Amino acid sequence: MNKRDFIADDILSKIYQNKYKTGEKMPTERELAVQYEVSRYTIREALKKLVNIGCIKIVQGSGIFVNESRYRSPLIYNSLTEKKFKDIQSKIIYLKKIKPDKNLEQIFDISGDDKKLWEYQRVRIVNYQKMQIETTRLPYSYFPDLNEEEIKKSVHDYVQECDYHISHFITTYTAVNVTKEEAALLNCKKGEAAMKIINRGILQNSKVFEFSEIINLDYSVSYFTPFNPYSHKYRKN
């Protein structure tokens, strides 16, 4: 782990340990540089990461403060959430209508005339580097006007613009190796280590609106997880 990421993670830890509390001023860049024995530039880069993921705010002339939202979600950040949408580009591979198989019928709970889905695939590019292949399905009946221009942007923005209210996501992570076909899309070597992320998006009306399978290079994720004594006790038995 490089110095920037170590310092960002350590400051995050101290925020969740309540050493740095909401509303109280954190140490200055200069003080943090002395504390971690690094340059102010390295501190500035670590703080930029924390600003990007919404954990702190820097008020010019006043100082560095912890945001109140730090406990609202167990997800602190992953490799993409610290990037702004404007820094992520999408190359569309395809957008098409498909007939769902039995698994997709179960996932979306569809039958009869509803048996039609959108499927699209896009490559996500961060800092001019291809990082992610995303294959996503959406119910056609929910989004009949979906088009490639919307897919190039934030699909979740589009979902909300269609007056749907997103409730939560269920996400599974599995370590995999890149296939020959995936390597060709990502400009990397076949067999390179990657993370497979399966994501299911659920609306406030309890309907699944999205099912995506993602292959991501150089992926990392951090969570804030309360200790569960009941789970711990169960695992001991």
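Scroll up to find the structure this text is about.
Residues numbered from 1 in each chain as written. Predicted model: local features only at pLDDT ≥ 70, side-chain atom pairs only at ≥ 80, totals over all residues. Heavy atoms only, no water.

### Considerations on the overall build of the protein
Of regular secondary structure, the protein possesses 8 helices and 10 strands. Out of the 237 residues in the protein, the part that is buried amounts to 42%. Summarising the internal contacts of the protein: among those between residues at least 6 apart in sequence, 59% fall at separations of at least 24. Carbon and sulfur atoms provide 48% of the accessible area of the protein, an area that totals close to 14700 Å². (Helix = DSSP H or I, 4+ residues; strand = E, 2+ residues; numbered from the N terminus. Buried < 20%, exposed > 50% of the residue type's maximum accessible area, 1.4 Å probe, protein only. Contact = heavy atoms within 4.5 Å. Areas by Shrake-Rupley, 256 points an atom, 1.4 Å probe, with all protein chains shown as cover.)

### Side note on the packing of aromatic side chains
According to the stated counting rule, one finds 6 aromatic pairs in the structure shown. Each ring, one from Y142 and one from F143, has its centre 6.0 Å from the other, and the planes form 65 degrees; the classification is edge-to-face. Taking the relative accessible area as the measure of exposure, F143 reaches 0% and is therefore buried. One aromatic cluster is present, formed by Y142, F143, Y158 and Y164 through successive ring pairs. Directly above the ring of Y94 sits K96, whose terminal nitrogen or CZ lies 4.6 Å from the centroid. Here K116 stacks its cationic end above the ring of Y140, 4.4 Å away from the centre of that ring. (Phe/Tyr/Trp six-rings, centres within 6.5 Å; stacked < 30°, edge-to-face > 60°. Lys NZ or Arg CZ within 6 Å of the ring centre and 35° of its normal.)

### Side note on the packing of helix α1 (residues 3-16) against helix α3 (residues 40-52)
One can describe the packing of α1 onto α3 by two numbers: an axis separation of 8 Å at closest approach and a directional angle of 55 degrees. Judged by the inter-axis angle, α1 sits oblique to α3. You can see that α1 and α3 cross each other, and the crossing is right-handed. Contacts between α1 and α3 pair K3, R4, D5, I7, A8, I11 and L12 from the former with T42, I43, E45, A46, L47, K49 and L50 from the latter. When its residues are assigned to classes, the contact of α1 with α3 shows 8 nonpolar, 1 polar and 5 charged. (Axes fitted to C-alpha atoms, helices over the stretch in contact; angles between N-to-C directions. Parallel < 35°, antiparallel > 145°, perpendicular 65-115°, else oblique. Left-handed = near helix turned anticlockwise from the far one by under 90°. Nonpolar A, V, L, I, M, F, W, Y, C, P; charged D, E, K, R; others polar.)

### Looking at the side chain of S212
Within the secondary structure, S212 sits in strand β9 (residues 208-216). Excluding residues within four positions of it along the chain, S212 makes contact with E134, T135, T136, I197, I198 and N199.

### Notes on the side chain of E134
Along the polypeptide, E134 turns up in strand β6 (residues 129-139). A distance of 3.1 Å separates polar atoms of two side chains, one belonging to E134 and the other to Y120. Within the local environment of E134, its side chain forms a polar contact with the side chain of R122, the two groups lying 2.8 Å apart. Here E134 is in contact with Y120, Q121, R122, R124, S212, E213 and I214, once residues within four sequence places are set aside. (Polar contact = N/O pair within 3.5 Å; in protein donor to acceptor, adjacent residues only side chain to side chain.)

### Structural notes on α3
When the terminal C-alpha atoms of α3 are compared, their 18 Å separation across 13 residues agrees well with the 18 Å that a helix rising 1.5 Å per residue should span. Among all positions in α3, only T42, I43, E45, A46, L47, K49 and L50 are buried. Backbone geometry just downstream of α3 places G54 in the positive-phi region, at approximately 85 degrees. (Expected span 1.5 Å × (residues − 1).)

### Some thoughts on the nonpolar core
In terms of nonpolar packing, the biggest core is built from 21 residues, with I11, I43, L47, L50 and I56 touching the most fellow members. Breaking this core down by element, the ones donating at least two residues are α1, α2 (29-36), α3 and β2 (63-66). Once residues lying within four places of it in the same chain are set aside, the contact partners of I11 are Y20, M26, L32, Y36, L47 and L50. (Core = buried A, V, L, I, M, F, W, Y, C linked by side-chain atoms within 4.5 Å.)

### Observations regarding the pattern of salt bridges
Counted by the stated rule, this structure contains 13 salt bridges. Here E150 ties to K153 by a salt bridge, and the two come within 3.7 Å at their closest N and O atoms. Connected through salt bridges with shared partners, the residues E119, R137, K196 and E213 form a single ionic network. (Salt bridge = Lys/Arg side-chain N within 4 Å of Asp/Glu carboxyl O.)

### Topic: the sheet that holds β9
Sheet architecture is open: 6 strands sit in the order β4-β5-β6-β9-β8-β7, paired in antiparallel fashion. A strand with exactly one partner marks an edge of an open sheet, and here the two such strands are β4 (88-98) and β7 (166-177). With direction set aside, neighbouring strand axes in the sheet form an average angle of 15 degrees. (Pairing = 2+ DSSP bridges.)

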